[in-house]
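A closer look at the structure
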Amino acid sequence: MRAIWKGAITFGLVNVPVKLYSATEDHDISLHQVHDKDGGRIRYQRKCEICGKVVNYENIDKAYDDGDRTVVLTDEDLAALPVERSREIDVVEFVPSDQLDPIMFDRSYYLEPDSKSLKAYALLRQTLEDTDRTAIVNFSLRQKTRLGALRVRGDVLMLQSLLWNDEVRQAAFPSLDEQVKVSDKELQMSAALVDSFASDFDPSQFTDEYQVELKQLIEAKLEKGDALSTEETFGETPEREGGEVLDLMEALRRSVDKNRVDKGKKTTAVPDDADTDVADSKGEAPSRSTRSRAPAKKTPAAKKTTGAKPTSTRKPKKTA
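How each quantity is defined
Residues numbered from 1 in each chain as written. Predicted model: local features only at pLDDT ≥ 70, side-chain atom pairs only at ≥ 80, totals over all residues. Heavy atoms only, no water. Helix = DSSP H or I, 4+ residues; strand = E, 2+ residues; numbered from the N terminus. Buried < 20%, exposed > 50% of the residue type's maximum accessible area, 1.4 Å probe, protein only. Contact = heavy atoms within 4.5 Å. Areas by Shrake-Rupley, 256 points an atom, 1.4 Å probe, with all protein chains shown as cover. Patch = residues over 30% accessible without salt bridge, like charges linked within 9 Å, V, L, I, M, F, W, Y side chains within 5 Å. Salt bridge = Lys/Arg side-chain N within 4 Å of Asp/Glu carboxyl O. Pairing = 2+ DSSP bridges. Axes fitted to C-alpha atoms, helices over the stretch in contact; angles between N-to-C directions. Phe/Tyr/Trp six-rings, centres within 6.5 Å; stacked < 30°, edge-to-face > 60°. Lys NZ or Arg CZ within 6 Å of the ring centre and 35° of its normal. Expected span 1.5 Å × (residues − 1). Lys, Arg positive; Asp, Glu negative; His and termini not counted. Charge placed at Lys NZ, Arg CZ, Asp CG, Glu CD.

1. Describing the overall build of the chain
Tallying secondary structure elements over the chain gives eight helices and nine strands in all. Every one of the 320 residues in the chain was classed for burial, and the buried ones make up 19%. Contacts in the chain between residues far apart in sequence, at least 24 positions, make up 60% of those at least 6 positions apart. Accessible surface computed for the chain: about 25,800 Å², of which carbon and sulfur atoms make up 51%.

The following block contains the structure:
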């Protein structure tokens with residue numbers, strides 16, 4: 001992991017130097033948009049609505065529009081704001097951990113001690129653990145002033161950014177004001193149903209089935225040769241963007257090759273009756289769950305098989 005921020009936790013006269021790391025990552029497979037007729041890459045261009053020209057990033061400013069007027073904010077204007085000047089995670093208060101509503105949690109970050117002396121880091125971690133308290137902090141990250149919760153996760157201090165109070169919508173639904181009568185028998189049956197599903201939560205038992213099936217579908221198409229040339233698909237691109245696209249495609253190819261080696265040059269092993277099957281050794285079409293997301297085109301060989309005439313209609317051979 002790469003540290004994205006360096007600073008210090010401060011409370012009272014205590015200063016704990018730390019490095020900040022993203023605690024989560026997105027596992028979704030990146031997909032591009034292409035033309036269905038020829039597979040050509042479709043890109044979005046930054047065009048000016050006045051002159052119609054494509055604008056480079058260095059010539060783009062930000063603006064606020066209230067409906068009648070537009071205020072343009074330059075990079076110099078934004079740099080004058082006091083955000084990002086502070087490199088401190090400032091503790092405001094320590095609150096009981098159960099008082100934090102999970103709806104307020106946003107991003108999660110790990111904090112690594114950035115000092116030869118780990119005593120201050122260990123002291124804060126142990127204190128939070130023993131008192132069952134969470135530190136409410138203020139900090140700045142990526143040009144934003146943020147509210148955060150500092151807590152313990154295992155042996156690591158974790159910082160979770162919190163939504164501001166006005167960012168959480170109120171659930172004001174008139175239908176909830178209606179009086180509903182629930183009988184004791186209904187409550188008992190409902191409790192029995194809940195009890196039948198009762199278990200201890202183990203996140204490792206859950207997988208993103210759609211991403212697994214999507215990866216299997218991509219691998220199956222590559223195995224069957226049902227793929228387009230990357231150069232033909234993406235066409236010629238400016239140097240600045242072309243390198244990024246080629247790097248992404250190369251990373252995808254290497255990932256697929258590595259996966260094949262790890263699996264003994266076989267596709268992912270799944271039960272015979274599973275809905276996640278994509279293609280068998282004969283190259284048959286994906287199962288219903290995968291086919292519903294990305295219908296596979298029938299090969300000419302498949303059409304000949306389905307269109308074959310019954311054996312009984314063949315003419316008898318002539319005898320000598």
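Further notes follow.
2. A short note on a nonpolar patch on the surface
Together, Y64, V71 and L73 make up an exposed nonpolar region whose accessible area comes to about 280 Å². Within the secondary structure, V71 is located in strand β4 (residues 70-73).

3. Quick look at the sheet that holds strand β6 (residues 105-113)
Taken in spatial order, the seven strands close into a barrel running β1-β2-β6-β9-β8-β7-β5, and their pairing is mixed. Between one strand axis and the next, the sheet turns through 40 degrees on average, direction left out of account.

4. Regarding the pairing of strand β7 (residues 133-140)
For β7, the tally of buried residues reaches six of eight residues, placing the bulk of the element in the interior. Pairing between strand β5 (residues 88-96) and β7: six bridges, direction antiparallel. Residue E93 lies in a different strand from β7, and its bridge partner there is I136. Examined bridge by bridge, β7 and strand β8 (residues 145-153) share six bridges and lie antiparallel to one another. The partner of F139 across the bridge, within β8, is R146. Where β7 folds back on β8, the antiparallel hairpin that results is connected by four residues, among which R142 adopts a positive phi of roughly 50 degrees.

5. A short note on the pattern of salt bridges
Counted under the stated rule, the structure contains one salt bridge. Taking the shortest distance from any N to any O, the salt bridge between R69 and D66 comes out at 3.2 Å. What makes D66 partly exposed here is its relative accessible area of 36%.

6. Remarks on the packing of aromatic side chains
Applying the stated criterion to the full structure yields two aromatic pairs. Between the aromatic rings of F11 and F94, the centroid separation amounts to 5.9 Å while the plane-to-plane angle is 85 degrees, which identifies the pairing as edge-to-face. Highlighted residues: F11 in strand β1 (residues 5-11) and F94 in strand β5, separated in sequence by 83 residues. Looking at F94, the relative accessible area reads 34%, which means it is partly exposed. Over the ring of Y57 we find R46, and its NZ or CZ is 4.0 Å from the ring centre.

7. Side note on helix α4 (residues 209-223)
Here α4 contains 15 residues, and its C-alpha end-to-end distance of 21 Å stays within 8% of the 21 Å for a straight helix at 1.5 Å per residue. Of the residues flanking the end of α4, it is G225, one or two places downstream, whose phi is positive at about 75 degrees.

8. With respect to the pairing of β1
On a regular strand, each side chain points to the face opposite its neighbour's, so the side chains alternate between the two faces of the sheet. Extensive coverage of β1 is indicated by the burial of five of its seven residues. Relative to strand β2 (residues 14-22), β1 runs antiparallel, the two sharing seven bridges. In the sheet register, F11 faces β2, and the bridge partner there is V14. Connecting the antiparallel pair β1 and β2 is a turn made up of two residues, with G12 showing a positive phi of about 65 degrees.

9. Comments concerning a negative patch on the surface
Taken together, D61, D75, E76 and D77 make up a surface patch of like negative charges. Note that E76 resides in helix α1 (residues 75-79). Classification of E76 as exposed rests on a relative accessible area of 59%.

10. A word on the environment of A227
Along the chain, A227 turns up in the loop between α4 and α5 (230-234). Counting along the chain gives 188 residues from A227 to G39, while the straight-line C-alpha distance between them is 9.9 Å. Once you skip the residues sitting within four places of it in the chain, A227 turns out to touch K221 and L222.

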